[in-house]
Amino acid sequence: MSQKQIAERLGVSIALVSRVLSGKAREVGIAAATIDRVVNAAQEMGYVPSAAALTLKGKASMTVGVVVYDFRDPFFGTIIEQLQALAHDQGYSLVLVGFKGRHPEPSDLAPLRKHAIDGLIVIGTADRSEWLDGFDDLPVARIGHGSGGEQSVRIAIDELDAARQLLAHLSSQGLARCAFIGSNLYSHALRFHALQHAGEERGIEIQNHVWVSDGFDAGLRASQNILTGRLDGLALVCATDVIAMGALHALHDAGRKMAVTGFDDIPAAAQFIPPITTVRQPIELLAKQAFGSVVGPNEPGEHLLKGRLIVRYSA
């Protein structure tokens, strides 16, 4: 829907419509009744200002880019839902792009330039993100951990605090050893190191089981391997809820019972059988802080938020 179509419908000039919709009608003496006619017609016809036209005039496009490292991750989907709600409430639009295998191609990033975004939100943890150098003219927020040299506002969960909550609960159940199950992702390595540190504080042995495969398959295969060893006093601590689902599947197939924990508290964690003990990330706060830092004042740096242990039947 264009200003030309509005003008044709009302039988007025395009210039008049443009002045009304840009807020300059009263400056040139356009009658209040005419202003109302144009505004009402624009609303009825679903007129939305062109982002490209706004940027040509030196105005904000009211568009935020969102880069998702892995569309298959259900935790990322809940974050996108929160960002969409925030954008809608504040009159912004989102341009959503993602990477195949967590590594960007130029074609993946092209839509962000095409839509002249005002800011960029990255969903996912990474130790290196050279591709962000091409957006150093924009405010950038990352939901997740990033490198210290990255010029972004990084909003993430406090991994050490989460690990301490998990181990405090497991040790209260009489468990003295943990097998950490993750894949070869930077975020999982950070989670393991936090668990290892918390384990040293409590005198709890932490084993590390890293798999090339991710998600459900990693939990399944790692647990099958773990079940061939010593199991007394052992809990399975998984890097994500989906990995925990794979671990519980392996235990069910083997007819064994062990304490299993996940991470993130995706919706399916409460619905799984058995329901999964996990660490709930503060998704609404993560999204709110990230969105606010790209549409308002921001200072690059890391902000850690506390998670909350959710105890369910799996542990």
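Here, every reference points to the structure presented above.
Residues numbered from 1 in each chain as written. Predicted model: local features only at pLDDT ≥ 70, side-chain atom pairs only at ≥ 80, totals over all residues. Heavy atoms only, no water.

Quick word on the overall build of the protein
Step number 1: The number of helices and strands found in the protein is 12 helices and 12 strands.
Step number 2: Taking 2.2 N^0.38 as the reference for a compact globule, 315 residues should give roughly 20 Å; the C-alpha atoms of the protein span a radius of gyration of 25 Å, well beyond that estimate.
Step number 3: Projecting the C-alpha coordinates of the protein onto the three principal axes gives extents of approximately 85 × 40 × 30 Å.
Step number 4: Residues counted as buried form 50% of the 315 residues belonging to the protein.
Step number 5: For the protein, contacts bridging at least 24 residues in sequence account for 67% of all contacts bridging at least 6.
Step number 6: With the model as given, the accessible surface of the protein reaches about 15500 Å², and the carbon-plus-sulfur share is 52%.
Step number 7: Charge centroids of the protein, computed over 29 positive and 33 negative side chains, lie 4 Å from each other. (Helix = DSSP H or I, 4+ residues; strand = E, 2+ residues; numbered from the N terminus. Rg over C-alpha atoms; globule rule 2.2 N^0.38 Å. Buried < 20%, exposed > 50% of the residue type's maximum accessible area, 1.4 Å probe, protein only. Contact = heavy atoms within 4.5 Å. Areas by Shrake-Rupley, 256 points an atom, 1.4 Å probe, with all protein chains shown as cover. Lys, Arg positive; Asp, Glu negative; His and termini not counted. Charge placed at Lys NZ, Arg CZ, Asp CG, Glu CD.)

What to know about the environment of aspartate 127
Step number 1: Tracing the chain through its elements places aspartate 127 in the loop between β3 (119-123) and β4 (140-143).
Step number 2: Taking the relative accessible area as the measure of exposure, aspartate 127 reaches 42% and is therefore partly exposed.
Step number 3: Other than its neighbours up to four places away in sequence, aspartate 127 contacts Ser147 and Tyr186.

Focus: the packing of helix α2 (residues 14-21) against helix α3 (residues 32-44)
Step number 1: Running from amino to carboxyl end, α2 crosses α3 at an angle of 85°, the nearest separation of the two axes being 10 Å. Put simply, α2 runs roughly perpendicular to α3. Only Thr34, Ile35, Val38, Val39 and Ala42 of α3 make contact with α2, whose side of the interface consists of Leu16, Val17, Val20 and Leu21.
Step number 2: For the contact of α2 with α3, the per-class residue count stands at 8 nonpolar, 1 polar and no charged. (Axes fitted to C-alpha atoms, helices over the stretch in contact; angles between N-to-C directions. Parallel < 35°, antiparallel > 145°, perpendicular 65-115°, else oblique. Nonpolar A, V, L, I, M, F, W, Y, C, P; charged D, E, K, R; others polar.)

Focus on helix α6 (residues 106-114)
Step number 1: Buried residues of α6: Asp108, Leu109 and Leu112, and no others. When α6 is viewed along its axis, its buried side chains cluster within an angular range of 80° and face the same direction. Turned more than 90 degrees from where α6 packs its buried face, Pro106, Ser107 and Lys114 sit exposed.
Step number 2: Packed against the buried residues of α6 are β1 (63-68), β2 (93-98) and β3.
Step number 3: Alanine 116, located one to two residues past α6, shows a positive phi value of around 50°. (Arc of directions from axis to C-beta.)

Comments concerning the state of the cysteines
Step number 1: What the rule picks out here adds up to 0 disulfides.
Step number 2: Cysteine 178 provides the cysteine sulfur closest to cysteine 238, a residue in no disulfide bond, and the two sulfurs are 11 Å apart.
Step number 3: Overall, the relative accessible area of 1% leaves cysteine 238 in the buried class. (Disulfide = S-S within 2.5 Å.)

With respect to the packing of aromatic side chains
Step number 1: Counted according to the given criterion, the structure contains 6 aromatic pairs.
Step number 2: On the basis of an interplanar angle of 65° and a centroid distance of 5.4 Å, the ring pair of tyrosine 69 and phenylalanine 99 is categorised as edge-to-face. One end of the pair, tyrosine 69, is in the loop between β1 and α5 (74-89); the other, phenylalanine 99, is in the loop between β2 and α6, with 30 residues separating them in the sequence.
Step number 3: The class of tyrosine 69 is buried, set by a relative accessible area of 4%.
Step number 4: Judged by its relative accessible area of 6%, phenylalanine 99 falls in the buried class.
Step number 5: Both rings, one in tyrosine 92 and one in phenylalanine 291, keep their centres 5.7 Å apart while their planes meet at 85°; by these two values the pair is edge-to-face. Of this pair, tyrosine 92 sits in the loop between α5 and β2 while phenylalanine 291 sits in helix α12 (residues 283-295), and the two are 199 residues apart along the sequence.
Step number 6: Judged by relative accessible area, phenylalanine 291 falls into the buried class, the value being 1%. (Phe/Tyr/Trp six-rings, centres within 6.5 Å; stacked < 30°, edge-to-face > 60°.)

Quick notes on the pattern of salt bridges
Step number 1: The final tally for this structure, using the stated rule, is 13 salt bridges.
Step number 2: Across the salt bridge formed by arginine 128 and glutamate 130, the nearest N and O atoms sit 2.7 Å from each other.
Step number 3: Among the salt bridges present, the one from arginine 142 reaches glutamate 150, with a minimum N-O distance of 2.9 Å.
Step number 4: You can call glutamate 150 buried: its relative accessible area is 9%.
Step number 5: One network of salt bridges, with partners in common, ties together Asp158, Asp161 and Lys306. (Salt bridge = Lys/Arg side-chain N within 4 Å of Asp/Glu carboxyl O.)

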